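In case you want the letters, here they are:
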Amino acid sequence: MSFPASPPATPERIRVRRIHAVRILADYFGRKLREQVPSVLPIVVYLFLFQWAVLGVPVARAGAIGAALSLVIVGLMFFMEGLRLGLMPLGETIGHRLPVKASAGGILGFAFLLGIGATLAEPAIGVLKSAGANVRPGEAPLLAAMLTRYSGALVGAVGLGVGVAAVLGILRFLRGFSLKPFVIPLVLIALGLSAWAMQHPDTAAIVGLAWDSGGVTTGPVTVPLVLALGAGVCLALGQSNTGMSGFGIVTLASLLPIVTVLGLGLYLHHTGYEPALAQLAEPAGGTSLFAQLLASPLVQAVVGSAQAILPLCAFLFVVQLVLLRERLAHADEIALGIAFTLAGMILFSLGLLQGLSPLGLQVGSLVPGTFSEIAAGQPPQPFGPLFGYAGGVAVTVLFAFFLGYGATLAEPALNTMAVQVEEITVGAFPKPLLMHSVAAGVGLGLAAGVIKLVFNLPLLYLLAPAYLILIPLTLFSTEEFVNVAWDGAGVTTGPITVPLVIAVGLSLGGNVPGVVEGFGMLAAASVGPILSVLTVGLIVGRRR
């Protein structure tokens, strides 16, 4: 005699008292908040102390800037947690299932579109859009036009570069190609286009912007999403994973935007372009309340964040539901993650506009006063030289070195990468050695970038020798150290470092006589760690 099977028991819901739920959430968000503090607080305290103790000038609007910086920390907490809960699981799921449902062309097409969408969602991409306000159109008309009238085309060129990089990265993962045949030709193409651009003053001004664009792209959205896709594809196809398959794509996403932005600038120059948008004078009667509302920082942050995050999420949902024809697992958790991501980007953008950028611009505008007389303050008053010419230049160079060194050690991505490298090399390249090698390289790179601004040197004079030295170093290094070194340049340019370095460079360059634009410091900070890590890697390799 058989009995009907009893229905499965419904799991009993655990009831939590309200006070306990509050304590659990407070502990959870407290831990997540503390994770973001080390990436923001040290570099901000350093800038505050440098301006107050070395330059002898208190930080203007210190309270408002401090409040805005707290928004940066809270925004980063929500943003990173939202990526972990929402976008990252979507990328991994699609990466696992796409090879089963789509052809190789479909996979590469998805990677291309994902690279473009992830770039538009990068928090630091807004820095390029707002940098046009600090460029004088009369001295650099093409640069000003690209940052204002053609800012959409500029961001599109950066996204195109990252999209192509994602395609090449997936191909490289699948076929097991070495990174060297990709890196060396791209470096030579970028240097060749830069040399071509240097032939005319109009296009020479965009070289620094192009090379800095490579550092803006490798942020907290692009790198995890594309790597999640690559890891998912490799796992689904049964590709062997030696631990190095995830490396290299950051390098490609840093180099290709340089080529595409240079190509855009040269195209605009040779086909004719409209000048930068003129600043319209405010009518005597003032602007309407609605216009003032639209121009408010909060509305700009909300609109800009929604335009960046929501299309990327919609694209991932369409691929999941239409192309893969699968329901979302843990849809409530993914929805919460997307809400966290959007809220975090709004808060971060608001803090960037009201805190990080003003602080960087303020410090950078005063630094030239260490070695020359400038006009500072409101109303402008003579300021400097504080330490004489030679002493002031030395102070400025040391300021840039410690800014780069300290900011790099605080980057969470570098810490994660150093742990991976120590495991991959079986302890031959210890975590502290890699972290300090990368930090020293960034510090020396920023110091070189400051020297370029102080003496008004062409950026190509700084980058060309460094990259020409890198080519033989790359050829003689093992594949593992090539991947680590070139990716090390990408992980140093985080969402805090990029806005501050660009703001400091633009304002510093704007106060040095004869300097047209202040771009290039980020590019110099990117080449430094490649040189330092490859050199240390060769020494470690010989010892091993």
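Residues numbered from 1 in each chain as written. Predicted model: local features only at pLDDT ≥ 70, side-chain atom pairs only at ≥ 80, totals over all residues. Heavy atoms only, no water.

With eleven of its eleven residues buried, helix α9 (residues 207-217) lies for the most part within the structure. Inspection of α9 places Val207, Gly208, Leu209, Ala210, Trp211, Asp212, Ser213, Gly214, Gly215, Val216 and Thr217 among the buried residues, and these make up the whole buried set. (Buried < 20%, exposed > 50% of the residue type's maximum accessible area, 1.4 Å probe, protein only. Helix = DSSP H or I, 4+ residues; strand = E, 2+ residues; numbered from the N terminus.)

What follows deals with the pattern of salt bridges. Within this structure, the stated rule accounts for five salt bridges. A salt bridge links Asp27 to Arg31; the shortest N-O distance between them is 3.4 Å. Placement of the pair is Asp27 and Arg31 together in helix α1 (residues 18-54), with a separation of four residues, close to one helical turn. Taking relative accessible area as the criterion, Asp27 reaches 45% and is therefore assigned partly exposed. Between Lys32 and Glu81 there is a salt bridge whose closest N-O contact spans 3.5 Å. Note that Lys32 is positioned in helix α1 and Glu81 in helix α2 (residues 62-101), a separation of 49 residues in sequence. Like Glu81, Lys32 is buried. It is possible to trace a salt-bridge network through shared partners that takes in Lys32, Glu81 and Arg84. (Salt bridge = Lys/Arg side-chain N within 4 Å of Asp/Glu carboxyl O.)

Following both chains from N to C, one finds helix α7 (residues 180-197) and helix α18 (residues 459-476) inclined at 160°, their axes separated by 11 Å at the closest point. The orientation of α7 relative to α18 falls into the category roughly antiparallel. Like other packed secondary-structure pairs, α7 and α18 cross with a definite hand, here left-handed. Of the residues in α18, those in contact with Lys180, Ile184, Val187, Leu188, Leu191, Ser194 and Ala195 of α7 are Leu460, Ala464, Tyr467, Leu468, Ile471, Thr474 and Leu475. (Axes fitted to C-alpha atoms, helices over the stretch in contact; angles between N-to-C directions. Parallel < 35°, antiparallel > 145°, perpendicular 65-115°, else oblique. Left-handed = near helix turned anticlockwise from the far one by under 90°. Contact = heavy atoms within 4.5 Å.)

Below, the discussion takes up the nonpolar core. Counting residues in hydrophobic clusters, the biggest one holds 126 residues, and the most contacted among them are Leu143, Met146, Trp211, Tyr467, Trp486, Ile496 and Phe519. With eleven residues, the top contributor of residues to this core is helix α11 (residues 249-271). Setting aside residues up to four positions removed in sequence, Tyr467 forms contacts with Val187, Leu191, Trp211, Trp486 and Val527. (Core = buried A, V, L, I, M, F, W, Y, C linked by side-chain atoms within 4.5 Å.)

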